[in-house]
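# Close look at the chain arrangement
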Amino acid sequence: MTSGEIIREARLRAGMSQGDLAAAISRTRSQVARWERDDVTPGLDTLQAIVRACGYDFEIRLFRREEPDDARYAETLDLTPQERVERALALVRAGAVAT
Amino acid sequence: MTAVFDPLEVLRRLDAAGVAYVVVGEFAAVIHGSPDFRPELEIVPQMRESNLQRLRAALDPIAAQPIGDALSPAAAQASGSLRLETPHGPVVVTPEPAGTRGYDDLRRKATREPVARRLRPQVAAVADLIRVLHERGREEDEPRLHALRRIAELTRDEISRPRS
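Just so it is clear, the model here is predicted, and its values are computed rather than measured.

## Digging into the interface of chain B and chain A
Residue-level contacts link 26 residues of chain B with 21 residues of chain A. Taking both sides of the interface into account, the surface hidden between chain B and chain A amounts to around 2,000 Å²; carbon and sulfur atoms contribute 63%. Taken together, the connections running from chain B to chain A amount to three salt bridges. Residue aspartate 70 of chain A pairs with arginine 150 of chain B through a salt bridge whose shortest N-O separation is 2.8 Å. Run the count over chain B and chain A and you get eight residue pairs in polar contact (both at pLDDT 80 or more). At the level of secondary structure, the elements contributing two or more residues to the side of chain B that touches chain A comprise helix 1 (7-16), helix 2 (25-32) and helix 6 (142-160) of chain B. With eight residues, helix 6 of chain B is the largest single contributor of residues to the side of chain B that touches chain A. Taken together, the residues that form the side of chain B that touches chain A break down as 15 nonpolar, four polar and seven charged.

Dropping the structure here:
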């Protein structure tokens, strides 16, 4: 979700026009429109002030990013160094690794 | 020479001869958890003449070509990697991997990893393996570089996350 989508969502939920929101935060209506189009990205503090002016708030949460190969990495990372080496040598013996 | 990849046998020879070295490259990545690899053992030896003598004593009997004068303290910076074909698979000896100052540099963050019974070689840190691949700047290394970076991220996360 972009910052523009967050602003628009908060404003519409609050039943405010772009002009209403602009007046509430002492900005121009065109500035609100630029934010909502993502032409301009407000800083985090400004974004929070805009959303709060609509009577809402948001929280930022950090979570572990996942990538397509993570399951493969997890498989080897769960092993001890000795088990990783044994696995690798078994793959070579099985011809599963190009020599 | 028909080779059966067995880097552990080479590491045992190096240890028996008292060679000071750090494991880098593909095999180091395997030890750190990389699922993909090329079967070769790459080491960075300490480049003192006495250590190189021990290295020659350990590897010359099994290498298709003796190391001879190909490695010397004076040639450390000039020479690239020396690839030796052995019955236990290829052994690559690299005095100074790209972006590093060789053994003394890599040894600082290296850890002794238990890879087999009574075998705990010094293995370069993931951060140093990344540094070398990054400095080499070879397109073919990109997948390995990506894998090592992700492993670094995942293991950092594992360390920082409290165990339940």
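## Focus: the side chain of aspartate 105 of chain B
All names here are of chain B. Residue position: aspartate 105 is located in helix 4 (residues 103-107). At a separation of 3.3 Å, a polar atom in the side chain of aspartate 105 contacts the side chain of arginine 131. Those residues in contact with aspartate 105 that lie beyond four places of it in its chain are Thr100 and Arg131.

## Side note on helix 1 of chain B
Here helix 1 of chain B has its buried residues at Pro7, Leu8, Val10, Leu11 and Leu14 of chain B. The buried residues of helix 1 of chain B occupy an angular sector of 160 degrees when projected down its axis, which confines them to one face. Each element contacted by the buried residues of helix 1 of chain B is listed here: helix 6 (81-93) of chain A together with strand 1 (21-24), helix 2, strand 2 (41-45), helix 3 (49-59) and strand 4 (91-93) of chain B. After helix 1 of chain B finishes, the residue glycine 18 of chain B shows a positive phi value of roughly 75 degrees.

## Examining the pairing of strand 1 of chain B
All names here are of chain B. The two faces of strand 1 match: Tyr21 and Val23 on one face and Val22 and Val24 on the other face are all buried. Pairing geometry for strand 1 and strand 2, over four bridges, is antiparallel. Counted as the bridge partner of valine 24 is glutamate 42 from strand 2.

Conventions and cut-offs
- Residues numbered from 1 in each chain as written.
- Chains lettered and ligands numbered in written order.
- Predicted model: local features only at pLDDT ≥ 70, side-chain atom pairs only at ≥ 80, totals over all residues.
- Heavy atoms only, no water.
- Contact = heavy atoms within 4.5 Å.
- Buried area = accessible area lost by both parts, 1.4 Å probe.
- Salt bridge = Lys/Arg side-chain N within 4 Å of Asp/Glu carboxyl O.
- Polar contact = N/O pair within 3.5 Å; in protein donor to acceptor, adjacent residues only side chain to side chain.
- Helix = DSSP H or I, 4+ residues; strand = E, 2+ residues; numbered from the N terminus.
- Nonpolar A, V, L, I, M, F, W, Y, C, P; charged D, E, K, R; others polar.
- Buried < 20%, exposed > 50% of the residue type's maximum accessible area, 1.4 Å probe, protein only.
- Arc of directions from axis to C-beta.
- Pairing = 2+ DSSP bridges.

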